[in-house]
Amino acid sequence: MQRTYMAKPGEVDKQWHLVDASGRTLGRLASRVAAVLRGKHTPRFTPHVDVGDFVVVINADKVVLTGRKEQRKLYRQHSQYPGGLTTFTAAQVRQRHPENLVKLAVKRMLPNTPLGRVIFKKLKVYASPEHPHAAQNPTPLAL
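Here the structure is a predicted model, which means the values were calculated and not measured.

1. Quick word on the nonpolar core
Inside soluble globular proteins, nonpolar side chains tend to come together where they are buried. Val 33, Leu 37, Val 55, Val 57, Val 102, Val 106 and Leu 123 are the most contacted members of the largest nonpolar core, which totals 27 residues. The leading source of residues in this core is helix α1 (residues 26–38), at seven residues. Residues in contact with Val 55, not counting those within four places in the same chain, are His 17, Val 19, Val 33, Val 36, Leu 37, Lys 122, Leu 123 and Lys 124.

2. Considerations on the packing of α1 against helix α4 (residues 99–107)
Taken N-terminus to C-terminus, the directions of α1 and α4 make an angle of 55 degrees; their axes are 8 Å apart at the nearest point. As far as their axial angle goes, α4 and α1 are oblique. Two packed elements cross with a definite hand, and for α1 against α4 that hand is right-handed. Every residue of α4 that contacts α1 at Leu 26, Leu 29, Ala 30, Val 33, Ala 34 and Leu 37 is listed here: Leu 101, Val 102, Ala 105 and Val 106. Classifying every residue of the contact of α1 with α4 gives ten nonpolar, no polar and no charged.

3. Overview of the pairing of strand β1 (residues 16–20)
The pairing of β1 with strand β2 (residues 54–58) spans five bridges and is parallel. Pairing of Trp 16 across the sheet is with Phe 54, part of β2. Running through α1, the crossover from β1 to the neighbouring parallel element β2 is right-handed. When β1 meets strand β6 (residues 139–140), the two strands line up parallel, connected through two bridges. The residue of β6 that forms the bridge with His 17 is Thr 139.

4. Side note on the pattern of salt bridges
By the definition in use, this model includes five salt bridges. Two residues, Asp 50 and Lys 14, come together in a salt bridge whose shortest N-O distance is 3.7 Å. With a gap of 36 residues between them, Asp 50 in the loop between α1 and β2 and Lys 14 in the segment before β1 connect regions that are remote in the sequence. We classify Asp 50 as buried; its relative accessible area is 17%. Residue classification places Lys 14 among the partly exposed residues on the basis of a relative accessible area of 30%. For Arg 44, the salt bridge is made with Asp 53, and the minimal N-O distance between the two is 3.6 Å. Arg 44 sits in the partly exposed class, given a relative accessible area of 21%. What makes Asp 53 buried here is its relative accessible area of 1%. Salt bridges sharing partners connect three or more residues here, namely Asp 13, Arg 44 and Asp 53.

5. Looking at the side chain of Asp 53
Inspection of the secondary structure puts Asp 53 in the loop between α1 and β2. A distance of 3.3 Å separates a polar atom in the side chain of Asp 53 from the backbone nitrogen of Gln 15. Within the structure, Asp 53 has its side chain in polar contact with the side chain of His 41 (distance 3.0 Å). Excluding anything up to four places from it in sequence, Asp 53 contacts Asp 13, Lys 14, Gln 15, His 17, Val 36, Leu 37, His 41, Arg 44 and Lys 122.

What counts and how
- Residues numbered from 1 in each chain as written.
- Predicted model: local features only at pLDDT ≥ 70, side-chain atom pairs only at ≥ 80, totals over all residues.
- Heavy atoms only, no water.
- Core = buried A, V, L, I, M, F, W, Y, C linked by side-chain atoms within 4.5 Å.
- Buried < 20%, exposed > 50% of the residue type's maximum accessible area, 1.4 Å probe, protein only.
- Helix = DSSP H or I, 4+ residues; strand = E, 2+ residues; numbered from the N terminus.
- Contact = heavy atoms within 4.5 Å.
- Axes fitted to C-alpha atoms, helices over the stretch in contact; angles between N-to-C directions.
- Parallel < 35°, antiparallel > 145°, perpendicular 65-115°, else oblique.
- Left-handed = near helix turned anticlockwise from the far one by under 90°.
- Nonpolar A, V, L, I, M, F, W, Y, C, P; charged D, E, K, R; others polar.
- Pairing = 2+ DSSP bridges.
- Right-handed = clockwise from strand over helix to strand, strands pointing away.
- Salt bridge = Lys/Arg side-chain N within 4 Å of Asp/Glu carboxyl O.
- Polar contact = N/O pair within 3.5 Å; in protein donor to acceptor, adjacent residues only side chain to side chain.

Below, the structure is given as structure tokens:
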């Protein structure tokens, strides 16, 4: 009888991946990055253990939104005061903080649990092609 393999937190070695977001569609990029962060691309995937890898996304300001999402997709934020709802379009978010487009898309594809919050911290997003993670030798991730 074969037993199901369950990864333990101490025996998981994490790798670093580099993703160039220029010319990539936001949703397709985010779903692939979320799968790598969770560890679903490896045979050692265990749902209740963080077995995913680190992902560095560069050129986040060059990500593509299809159709009219640039003007119609809305991002909402509330200050927790009465009447404190602020709404931004995707174009406004891209202008102010282009890395937030990728961060929010990936975050919403991860589980809304304590483990999902730990997994999200392994995502590093930069609007320009420069990043401070060269010492980790990130390997390019094919999307």
